[in-house]
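So the chains spell out like this:
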Amino acid sequence: MKVAGIWRRTIEREGDHVIVLDQAALPFEVTWLALRTLDDVARAIRDMHVRGAPLIGAAAAWGVALALREGHTIDHACRVLAATRPTAVNLRWALERMRGARDAEAEAQAICDEDAAGCEAIGRAGLRLMRDGINVLTHCNAGWLATVDWGTALAPIYAAHEAGMRVHVWVDETRPRNQGLLTAWELAQHGVPHTVIADNAGGHLMQQGKVDLCIVGTDRTRGNGDVANKIGTYLKALAAHDNNVPFYVAVPASSIDRSDAPFEIEERSADEMRTVAGVVAGKPARVRVTDSPVANPAFDVTPARLVTGYITETGVRTAI
Ligand code: MRU
């Protein structure tokens, strides 16, 4: 997708290494990070320079390829990468795929190419939910920044925008990491009209009839249709249900987990709650907002009964 008018992917091969768009610096600075080793990739995922479930999987695949070139065993590479973040199932999916690969670099590139093509297909499938003048609410960032290209939840929005429909997006800020500001940044790169709202505003806007459709992404969707996604997704689904607003989840195949394993919800650092990121005197900075005890669960689970449908690479369906 577009960065300052130039078509890019979030992760690109460059000679003997890969580069990634640094999401820890966005939306204040556009910088690219070079990842040359297993440790580079593990750190980038752990510290959220690379984030969003499908992109975490794609980066982990490259982490394995770089690790093998360094002389690490595949077991060591998978152990290090699997420990970086617990909730997004795409990470484990990508590592399993890399274990079976004959040519690790070709497989990592294939995972990236398939992710981009799959997200584009989700956009085409979701187009049938869109119409001219629609107001869509989304939570977190499930746009192209969270994938290799196109995004999941935002893919139908980009498809509609490219088809000439007028689309407006309500963008949840998504405290504490404010991934909504990344959503706003990437929508702006494409000229898609949008408005950032506080996380608590969505229910009110739905009561006012100002939201026609909710679309969110997922970090793991179980075979029974329950959806793990960024903390706050469940509250949006409840509000949508109470206001008869359709609530859709965009799900690539790599985010589906048909196992019975319980959801593992990542508890992140208290500092994410105790500070907010912004710009002070022209420079990116973190400002302390509380010294109180805090809790910071990063994801929640939306039960299938609150989900109107799932937008997949192969179509929109009511069950997974
Ligand atoms: O903690 P993050 O920023 O990696 O979480 C991202 C989300 O929750 C996204 O909504 C989800 O990964 C879907 S991405 C297409």
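Residues numbered from 1 in each chain as written. Predicted model: local features only at pLDDT ≥ 70, side-chain atom pairs only at ≥ 80, totals over all residues. Heavy atoms only, no water.

(A) Spotlight on the overall build of the protein. A count of helices and strands for the protein gives 10 helices and 18 strands. Compactness check: the protein gives a C-alpha radius of gyration of 19 Å against a globular reference of 20 Å for 320 residues, within 12% of the reference. Taken along the three principal axes of its C-alpha coordinates, the protein extends 60 × 45 × 40 Å. Out of the 320 residues belonging to the protein, those deemed buried represent 54%. When contacts within the protein are restricted to residue pairs at least 6 apart in sequence, long-range pairs at least 24 apart make up 74% of them. Accessible surface for the protein amounts to roughly 13,100 Å². Of this, 51% is attributable to carbon and sulfur atoms. Side chains of the protein carry 34 positive and 39 negative charges; the gap between the two charge centres is 2 Å. (Helix = DSSP H or I, 4+ residues; strand = E, 2+ residues; numbered from the N terminus. Rg over C-alpha atoms; globule rule 2.2 N^0.38 Å. Buried < 20%, exposed > 50% of the residue type's maximum accessible area, 1.4 Å probe, protein only. Contact = heavy atoms within 4.5 Å. Areas by Shrake-Rupley, 256 points an atom, 1.4 Å probe, with all protein chains shown as cover. Lys, Arg positive; Asp, Glu negative; His and termini not counted. Charge placed at Lys NZ, Arg CZ, Asp CG, Glu CD.)

(B) Seen up close, the sheet that holds strand 5 (residues 32-35). Taking strand neighbours across the sheet as the criterion, the 3 strands line up as 3-4-5 in an open arrangement whose pairing is antiparallel. Strands with a single pairing partner mark the edges of an open sheet, and in this sheet they are strand 3 (11-14) and strand 5. Averaged over all neighbouring strand pairs, the angle between strand axes comes to 30°, with direction disregarded. In this sheet, strand 5 lies alongside strand 4 (residues 17-21) in antiparallel orientation, the contact comprising 4 bridges. Along strand 5, the bridge assignment pairs valine 20 with leucine 33. (Pairing = 2+ DSSP bridges. Axes fitted to C-alpha atoms, helices over the stretch in contact; angles between N-to-C directions.)

(C) Molecular detail of the sheet that holds strand 10 (residues 220-222). Taken in spatial order, the 4 strands make up an open sheet running 13-10-11-16, and their pairing is mixed. At either margin of the open sheet sits one strand with a lone partner, and together these are strand 13 (256-257) and strand 16 (299-302). Of the strand pairs in this sheet, strand 10 and strand 13 are connected by 2 bridges, and their pairing is parallel. Directly across from threonine 221, in strand 13, lies its bridge partner isoleucine 256.

(D) Focus on the side chain of threonine 10. With respect to the secondary-structure elements, threonine 10 resides in the loop between strand 2 (6-7) and strand 3. If we ignore the near neighbours within four places in the chain, the residues touching threonine 10 are Ile19, Val20, Leu21, Trp32, Leu55, Trp144, Leu145, Thr147 and Val148.

(E) Up close: the site of the ligand. Around the ligand, the structure places 18 residues, and the nearest of them are Arg51, Arg85, Gln179, Asp219 and Lys230. Note that an oxygen atom of the ligand is positioned 2.8 Å from one of the side-chain N or O atoms of glutamine 179. Between the ligand and aspartate 219, the relevant distance is 2.8 Å, taken from an oxygen atom to a side-chain nitrogen or oxygen of the residue. For the ligand, whose free accessible area comes to 410 Å², the fraction covered by protein is 100%. Secondary-structure elements contributing two or more residues to the shell around the ligand are helix 2 (53-70) and strand 11 (227-230). (Near = heavy atom within 4 Å. Polar contact = N/O pair within 3.5 Å; in protein donor to acceptor, adjacent residues only side chain to side chain.)

(F) Just the environment of aspartate 115, in detail. Relative to the assigned elements, aspartate 115 resides in helix 5 (residues 104-126). The exposure class of aspartate 115 is buried, given its relative accessible area of 9%. Between the C-alpha atoms of aspartate 115 and proline 252, which are 137 residues apart in sequence, the distance is 8.1 Å. Every residue in contact with aspartate 115, bar those within four places of it in the chain, is listed here: Pro54, Thr147, Val148 and Asp149.

(G) The arrangement of the packing of aromatic side chains in detail. Evaluated as defined, the whole model comprises 2 aromatic pairs. Each ring, one from tryptophan 7 and one from tryptophan 150, has its centre 6.4 Å from the other, and the planes form 65°; the classification is edge-to-face. With tryptophan 7 in strand 2 and tryptophan 150 in the loop between strand 6 (134-138) and helix 6 (155-162), the pair connects residues that are 143 residues apart, well separated along the chain. Classification of tryptophan 7 by relative accessible area gives partly exposed; the value is 44%. Ring plane angle 50° and centroid distance 6.1 Å describe the contact between tryptophan 144 and tryptophan 185, whose orientation is recorded as tilted. Highlighted residues: tryptophan 144 in the loop between strand 6 and helix 6 and tryptophan 185 in helix 7 (residues 179-189), separated in sequence by 41 residues. (Phe/Tyr/Trp six-rings, centres within 6.5 Å; stacked < 30°, edge-to-face > 60°.)

(H) Structural detail: unusual backbone geometry. Cis geometry is adopted by the peptide bond preceding proline 27, which originates at leucine 26 and carries an omega value of 5°. For proline 27, the position within the fold is in the loop between strand 4 and strand 5. Here the amide bond leading from arginine 175 into proline 176 is cis, since omega sits at 5°, within 30 degrees of zero. Here proline 176 shows up in the loop between strand 7 (167-172) and helix 7. One non-glycine residue, asparagine 178, adopts positive backbone phi at about 55°. By the element assignment, asparagine 178 lies in the loop between strand 7 and helix 7. Classification of asparagine 178 by relative accessible area gives buried; the value is 10%. The phi torsion at asparagine 244 lies on the positive side, around 55°, for a residue other than glycine. Residue asparagine 244 is classed as exposed on the basis of its relative accessible area, which comes to 71%.

Note that every value here comes from positions in space, so none of it alone points to a role or purpose.
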